[in-house]
Amino acid sequence: MKAWEIGEQTGIDRLRQVERDDPIAGPGEIVVKVTAAGLNYRDLMMVRGHYGSDHPENRIPLTDGVGVIEAMGEGVEGLAIGNRVVAQNFLPWLDDGGFGFHVFGQDVGISADGWLAEKIKLPAAAAIKLPNSVSDETAATLAVVACTVWHAMVAFGGAGPGKLVLAQGTGGVSIFALQLAKAMGAEFAITSSSEEKLAKAREMGADYTINYRETDDWAAALLEATGGRGADVVVDTIGFGEMAQTMAATAVEGRIGTVGALSGTPQDAATFNQGAMLGKNITLKGITSGHRGMFEAALKLVAEHNIEMLIDRSFAFDEAKAAYEHLESGAHMGKVMIRVS
């Protein structure tokens, strides 16, 4: 099969296309013919050498993907040849209570081979059959954002009718949070430096949009727009470098699920103290993706509400480097996808 490998992890230029033996399904495993794969910011960090260490040069990248079961090993039940499937990124994390450091040992595209190949081998227990109403384009770009957003916004944040959700920027996490929040009947606030992107967000249902380039104190702008209320739930994509503003934008008894510094803000540049956190009784939680059950719950809502992921651009398999470069440019809104077959 054809596959891409991460190489020396000193930049996008070190990605390399190779030919490898087809994977073989062992007991409890399936082999999936990959249809398409999606990029996340962590995939870019991976090839730069900024996401963990000691990854072998022959690691196949990409955490998001979709495909069709081509072969099954002994003991596989509940699946069939020809089923379209996806999988959560932490393969052993199947339900509540299953999280631990051990899950990082089977992290798709990081510590286990990912979807940027013509075929991928997965444990059958991690495979989720796709509803017919969910397109390959949506499924290919869904795993990381679905698990992360459901965990931060719903399982932890308790988003729903009467709640105001805030997400920063217009990358894949924030845009999916917007789509999911509106499907659940919540209000939504979003920030961006682009008026064009904010206009698109309003078309998608955003109730409050703030240009942080034109308004340095975007937290104050949100408080003014909401009559001093602020956001009940925050899907924080900026990280600790801007946590002072994030907390200022958060409502009393609000919940902040921080998913990482996707803006590239240095994590050692923390700018908040405990005053705002204690004064508002804010709960802050680190979010490391989510388990299979969270993915299934998000996928069910995607199917019920016919949610289609916003795909900024789609690239051919041979154009993988160009896909990474487009993500790196920051010009995208939503997700970047690579077609495999």
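Report follows, based on the coordinates. Keep in mind the model is a prediction, meaning the values are calculated, not measured. Numbers given for residues are sequential positions, taken from 1 along each chain in its written order. Only residues with pLDDT of 70 or above have their local features reported here, since the model is predicted, and side-chain atom pairs are shown and tallied only from 80 upward, although totals for entire chains, interfaces and linings are computed over all residues. Side-chain calculation: all heavy atoms of the structure are included, whereas hydrogens and water are not.

### Description of a nonpolar patch on the surface
Alright, step 1. Patch membership is restricted to residues that have no salt bridge and whose relative accessible area is over 30%. Joining uses 9 Å for like charges and 5 Å for the nonpolar side chains Val, Leu, Ile, Met, Phe, Trp and Tyr. Accessible surface is estimated by sampling points in the Shrake-Rupley manner with a 1.4 Å probe; for residues, cover comes only from the protein chains shown. Think of a salt bridge as a Lys or Arg side-chain nitrogen and an Asp or Glu carboxyl oxygen that are within 4 Å of each other. Nonpolar side chains collect at one region of the surface, where Phe 99, Phe 101 and Phe 104 lie side by side and expose about 360 Å² of accessible area between them.
Alright, step 2. Remark: exposure states derive from per-residue accessible area (1.4 Å probe, protein chains only) relative to the maximum for the residue type, with buried under 20%, exposed over 50%, and partly exposed in between. We classify Phe 99 as partly exposed; its relative accessible area is 40%.

### A closer look at the nonpolar core
Soluble, globular proteins show a tendency: their nonpolar side chains are buried together.
Alright, step 1. The criterion is simple. A nonpolar core is a set of buried Ala, Val, Leu, Ile, Met, Phe, Trp, Tyr and Cys residues joined through side-chain atoms within 4.5 Å. If you look at the biggest cluster of nonpolar residues, it comprises 52 residues, and the most contacted ones within it are Met 153, Val 165, Phe 176, Leu 180 and Val 235.
Alright, step 2. The helix and strand labels rest on DSSP assignments: H or I over at least four residues marks a helix, E over at least two residues marks a strand, and numbering proceeds from the N terminus. Looking at this core, the elements that each hand over two or more residues are α2 (136–140), α3 (143–156), β8 (164–168), α4 (172–183), β9 (187–192), α5 (195–203), β11 (231–236) and α9 (292–304).
Alright, step 3. At nine residues, the largest contribution of residues to this core is made by α3.
Alright, step 4. Contact criterion: two residues are considered in contact whenever any of their non-hydrogen atoms come within 4.5 Å of each other. Excluding residues that lie within four positions of it along the chain, Phe 176 makes contacts with Leu 142, Val 145, Ala 146, Val 149, Val 302 and Met 309.

### Some points on the pattern of salt bridges
Alright, step 1. Applying the stated criterion across every chain yields a total of 19 salt bridges.
Alright, step 2. Between Arg 20 and Asp 113 there is a salt bridge; the shortest N-O distance is 3.0 Å. In this pair, Arg 20 is assigned in the loop between β2 (16–19) and β3 (29–39) and Asp 113 in the loop between β5 (84–87) and β6 (119–123), connecting sequence segments 93 residues apart.
Alright, step 3. Taking the relative accessible area as the measure of exposure, Asp 113 reaches 27% and is therefore partly exposed.
Alright, step 4. A salt bridge links Lys 121 to Glu 29, with the nearest nitrogen and oxygen atoms 3.7 Å apart. Taken together, the positions of Lys 121 in strand β6 and Glu 29 in strand β3 put the pair 92 residues apart, joining distant regions of the chain.
Alright, step 5. Given a relative accessible area of 39%, Lys 121 falls into the partly exposed group.
Alright, step 6. When its relative accessible area of 24% is taken as the criterion, Glu 29 is described as partly exposed.

### Some details on the side chain of Ser 289
Alright, step 1. Tracing the backbone through its elements, the reader meets Ser 289 in the loop between β13 (283–286) and α9.
Alright, step 2. Any pair of nitrogen or oxygen atoms within 3.5 Å is treated as a polar contact; in protein, a donor-acceptor pairing is required on top of that, and neighbouring residues in sequence qualify only through side-chain atoms on both sides. Within the local environment of Ser 289, its side chain forms a polar contact with the side chain of Asn 89, the two groups lying 2.5 Å apart.
Alright, step 3. Not counting residues up to four positions away in its chain, the partners in contact with Ser 289 are Asn 89, Phe 90, Trp 93, Cys 147, Thr 148 and His 151.

### Considering the side chain of Lys 119
Alright, step 1. With respect to the element layout, Lys 119 can be found in strand β6.
Alright, step 2. When its relative accessible area of 17% is taken as the criterion, Lys 119 is described as buried.
Alright, step 3. Of the polar contacts made by the side chain of Lys 119, one reaches the side chain of Asp 22; its length is 3.0 Å.
Alright, step 4. For Lys 119, the residues in contact, after removing those within four places along its chain, are Met 1, Asp 22, Pro 23, Val 31, Val 32, Lys 33, Val 34 and Glu 70.

### Quick look at the packing of α3 against α4
Alright, step 1. Every axis in this analysis is a line fitted to C-alpha atoms, fitted for helices over the stretch in contact. Angles between the N-to-C directions lie between 0 and 180 degrees. Viewed as axis vectors pointing N to C, α3 and α4 meet at an angle of 60°, and their least axial separation amounts to 9 Å. Between α3 and α4, the angle is such that the two are oblique. Seen from above, α3 lies across α4 with right-handed handedness. Each of Val 145, Ala 146, Val 149, Trp 150 and Met 153 in α3 lies in contact with α4, whose residues at this interface are Gly 172, Val 173, Phe 176, Ala 177, Leu 180 and Ala 181.
Alright, step 2. Three classes are used, and their members are as follows: Ala, Val, Leu, Ile, Met, Phe, Trp, Tyr, Cys and Pro are nonpolar, Asp, Glu, Lys and Arg are charged, and the others, Gly among them, are polar. In the contact of α3 with α4, the residues fall into 10 nonpolar, one polar and no charged. We call two directions roughly parallel when the angle between them is under 35 degrees, roughly antiparallel when it is over 145, roughly perpendicular when it lies between 65 and 115, and oblique otherwise. It is the rotation of the near helix from the far one that decides the hand of a crossing: anticlockwise by less than a right angle makes it left-handed, clockwise makes it right-handed.

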